[in-house]
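Below, each chain spelled out in residue letters.
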Amino acid sequence: MSEVLVGKSGRPLAGHQERVWKTVAAIRDDIAAAHVEARLEPSLSGGLGGGILLNRYLHLVDPDSLYEPEAERYLDRLMAMVDRLPLTHFYGGTVGVAWLLTHLAHLDGEEPDIVDLDDILVAVLREPWQGTYDLVGGLVGVGFYGLERLPHENGRELLDLAVRRLGDLAVAGVDGTAWFTPPQFVPPLQIGAYPDGYHNLGLAHGVPGCIRLLAEAARVDVQADLAVRLLDDSVPWLLHHVQRDGDRWTLPAYAEGSGRPHARLAWCYNELGAMTAVYAAGEVRGRVDWSKTAAAILRSTCGLPVEQSGCRDACLCHGAAGVAHIYQVMADEIGDEVLRREAERWFGATLEMGKPGSSCGGYRYFHVDGDSGTQTWDPRPGFLEGAAGIGLALLAAAWDVPMGWNRILALG
């Protein structure tokens, strides 16, 4: 069983700062070693992006340290490799690096010099969208870059165009409006079960990511009329797919098929991540029914034993740190003590999963190969599926520092 931690000042791990610091310091040291050996993936969600963010946020906790120069060294290497990356992929491409540059500049009260890239992205968005629509690698991710670019006028234009293109891709049906993933964008491991494509219900790759971006666009009054119209049709569509499972409300990974593939607590798929988007939409639209429904579904997940949750590791994507961070964020937004206690419990599980002296800061990533289905454990340093993301979540749980990095996850 995980220890039940008692936080102070609203932070789930505020009473355990010494333990957290040792854990995060070990993560940081192992990422530095991987950097020396050139083993960090050059992307926002990979090792270089994660290493940059972890060191910058460590600097916020300890401004007298050398963490900021370390982040600059990682950034230099990332910029030397950016030409190799795909343009419009948020987590793995150039637009993700642009998000990172913008975020770092804003932390310093500055604006990045990336107008030329903005112009290229605007030209792409003025044409019909040809790729995936999702957060991780598609149109929604480009929209979140535009959101981060605000208040610059280029950010407004990019967000405006992203909402317009989402409107183009929206498919109206009997139960409302949604976005469809055609076969050419279905991963190899899933195409056998979904040869005709599917409606993805996960925050990372599906409809909830669209909902969160539209809610943010309405909040900052960018294409607000279109965003509101799409929200009013897509949120009920998504909620229509919520299922009762004993005392829990659950959301399948896909609208098609039967059963609950990928049934687990996670940011990427199912009810936990998806309801963060529904709650945000309810707050923006003044739809108390949406907000109350999302909060009730989130509360229904509380108390699930870690060993029954489907979490095999501690990563942000589908591991304990991601689950804990969502509970922390939503406890703060809703002001809910049930969710706050759940955040404490899951951060306890996150700490227990670390094995000091091994892997990357003591953490390994459980991986299933998309082609063969082979299961492996890897010492990954990255943001989304590795130790850097775990470290950022632990820092935010122990110290009163900003959590702007979580806008990558459509949580900020």
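Residues numbered from 1 in each chain as written. Predicted model: local features only at pLDDT ≥ 70, side-chain atom pairs only at ≥ 80, totals over all residues. Heavy atoms only, no water.

Draft legend 1. Main features of the overall build of the protein chain. When you go through the protein chain residue by residue, the secondary structure sums to 15 helices and six strands. Its C-alpha radius of gyration of 20 Å places the protein chain within 12% of the 22 Å reference for a compact globule of 412 residues. Each of the three principal axes of the protein chain carries a C-alpha extent, and together these read 55 × 55 × 45 Å. Sorting the 412 residues of the protein chain into buried and exposed places 58% on the buried side. For the protein chain, restricting intrachain contacts to residue pairs at least 6 apart in sequence, the fraction spanning at least 24 positions comes to 66%. Separation between the mean location of the 34 positive side-chain charges and that of the 54 negative ones in the protein chain comes to 5 Å. (Helix = DSSP H or I, 4+ residues; strand = E, 2+ residues; numbered from the N terminus. Rg over C-alpha atoms; globule rule 2.2 N^0.38 Å. Buried < 20%, exposed > 50% of the residue type's maximum accessible area, 1.4 Å probe, protein only. Contact = heavy atoms within 4.5 Å. Lys, Arg positive; Asp, Glu negative; His and termini not counted. Charge placed at Lys NZ, Arg CZ, Asp CG, Glu CD.)

Draft legend 2. A look at the packing of helix 2 (residues 47-61) against helix 3 (residues 67-81). Remark: helix 2 packs on helix 3, axes separated minimally by 8 Å, with the N-to-C direction vectors making an angle of 160°. Looking at the two axes, helix 2 sits roughly antiparallel to helix 3. When you trace helix 2 past helix 3, the crossing you get is left-handed. Residues Leu48, Gly51, Ile52, Asn55, Arg56, Leu58 and His59 of helix 2 touch helix 3, and the partners they reach there are Tyr67, Glu68, Glu70, Ala71, Tyr74, Leu75, Arg77, Leu78 and Met81. In terms of residue class, the contact of helix 2 with helix 3 is built from nine nonpolar, three polar and four charged. (Axes fitted to C-alpha atoms, helices over the stretch in contact; angles between N-to-C directions. Parallel < 35°, antiparallel > 145°, perpendicular 65-115°, else oblique. Left-handed = near helix turned anticlockwise from the far one by under 90°. Nonpolar A, V, L, I, M, F, W, Y, C, P; charged D, E, K, R; others polar.)

Draft legend 3. Representation of the nonpolar core in the model. Membership of the largest hydrophobic core comes to 143 residues, with the highest contact counts inside it found for Trp267, Trp346 and Trp405. Here the element with the most residues in this core is helix 15 (residues 387-398); it accounts for 10 residues. Leaving out residues up to four positions away in the same chain, Trp405 has contacts with Leu53, Tyr57, Trp99, His103, Leu316, His325, Phe383, Leu392, Ala393 and Ala396. (Core = buried A, V, L, I, M, F, W, Y, C linked by side-chain atoms within 4.5 Å.)

Draft legend 4. Spatial organisation of the layout of surface pockets. By volume, the second largest pocket amounts to about 180 Å³. Lining the second largest pocket are Arg312, Asp313, Ala314, Met353, Lys355, Ser358, Gly362, Tyr363, Arg364 and Trp377. Partitioning the lining of the second largest pocket into residue classes produces four nonpolar, two polar and four charged. (1 Å grid on protein atoms, 1.4 Å probe; cavity = no way out; pocket = protein on both sides within 12 Å on 5 of 7 lines; lining within 4 Å. Points joined across faces, edges and corners; volume = space filled by probe spheres on them.)

Draft legend 5. Broad picture of the environment of Gly109. Take Gly109: it is sitting in the loop between helix 4 (94-107) and helix 5 (115-125). With 130 residues separating them in the primary sequence, Gly109 and Leu239 have C-alpha atoms 39 Å apart.

Draft legend 6. The arrangement of the pattern of salt bridges in detail. In this structure the tally under the stated criterion is 25 salt bridges. Among the ionic pairs, Arg149 bridges to Glu111, the shortest N-O distance being 3.1 Å. Within this pair, whereas Arg149 is found in helix 6 (residues 139-149), its partner Glu111 is found in the loop between helix 4 and helix 5, the two being separated by 38 residues in sequence. Here Asp332 makes a salt bridge to Arg340, at a shortest N to O gap of 3.0 Å. Overall, the relative accessible area of 38% leaves Asp332 in the partly exposed class. Through salt bridges with shared partners, a single network forms among Arg28, Asp29, Glu70 and Arg73. (Salt bridge = Lys/Arg side-chain N within 4 Å of Asp/Glu carboxyl O.)

Draft legend 7. Examining the packing of aromatic side chains more closely. By the definition in use, this model includes 10 aromatic pairs. Considering the side-chain rings of Trp21 and Tyr67, the 6.3 Å spacing of their centres and the 70° angle between planes classify their relative orientation as edge-to-face. A residue pair is termed long-range when its members are at least 10 positions apart, and Trp21 in helix 1 (residues 17-36) and Tyr67 in helix 3 qualify at 46 residues. Under the relative-accessibility criterion, Trp21 is labelled partly exposed at 26%. Centroid distance Phe90 to Tyr91: 5.5 Å. Interplanar angle 55°. Geometry classified as tilted. One exposure class covers both Phe90 and Tyr91, and it is buried. In textbook terms, an aromatic cluster arises when at least three aromatic residues are bridged by ring pairs, as seen for Tyr194, Tyr198, Tyr254 and Tyr269. Its guanidinium or amino end placed over the ring of Phe366, Arg312 lies 4.1 Å from that ring's centre, counting from NZ or CZ. (Phe/Tyr/Trp six-rings, centres within 6.5 Å; stacked < 30°, edge-to-face > 60°. Lys NZ or Arg CZ within 6 Å of the ring centre and 35° of its normal.)

Draft legend 8. Inspection of the side chain of Ser234 at higher detail. Within the secondary structure layout, Ser234 lies in helix 10 (residues 224-239). Relative accessible area serves as the criterion here: at 0%, Ser234 is assigned to the buried category. At a separation of 2.8 Å, a polar atom in the side chain of Ser234 contacts the main-chain carbonyl oxygen of Leu230. Each residue touching Ser234, except ones within four places of it in the same chain, is listed here: Thr177, Trp179 and Ile211. (Polar contact = N/O pair within 3.5 Å; in protein donor to acceptor, adjacent residues only side chain to side chain.)

Draft legend 9. A look at the packing of helix 6 against helix 9 (residues 207-219). In the contact formed by helix 6 and helix 9, the axes pass within 10 Å of each other and the chain directions differ by 25°. By the criterion of interaxial angle, the relationship of helix 6 to helix 9 is roughly parallel. The two elements helix 6 and helix 9 cross, and the hand of that crossing is left-handed. From helix 6, Val140, Gly143, Phe144 and Leu147 reach across to helix 9, where they touch Gly209, Cys210, Arg212, Leu213 and Glu216. Taken together, the residues of the contact of helix 6 with helix 9 sort by class into five nonpolar, two polar and two charged.

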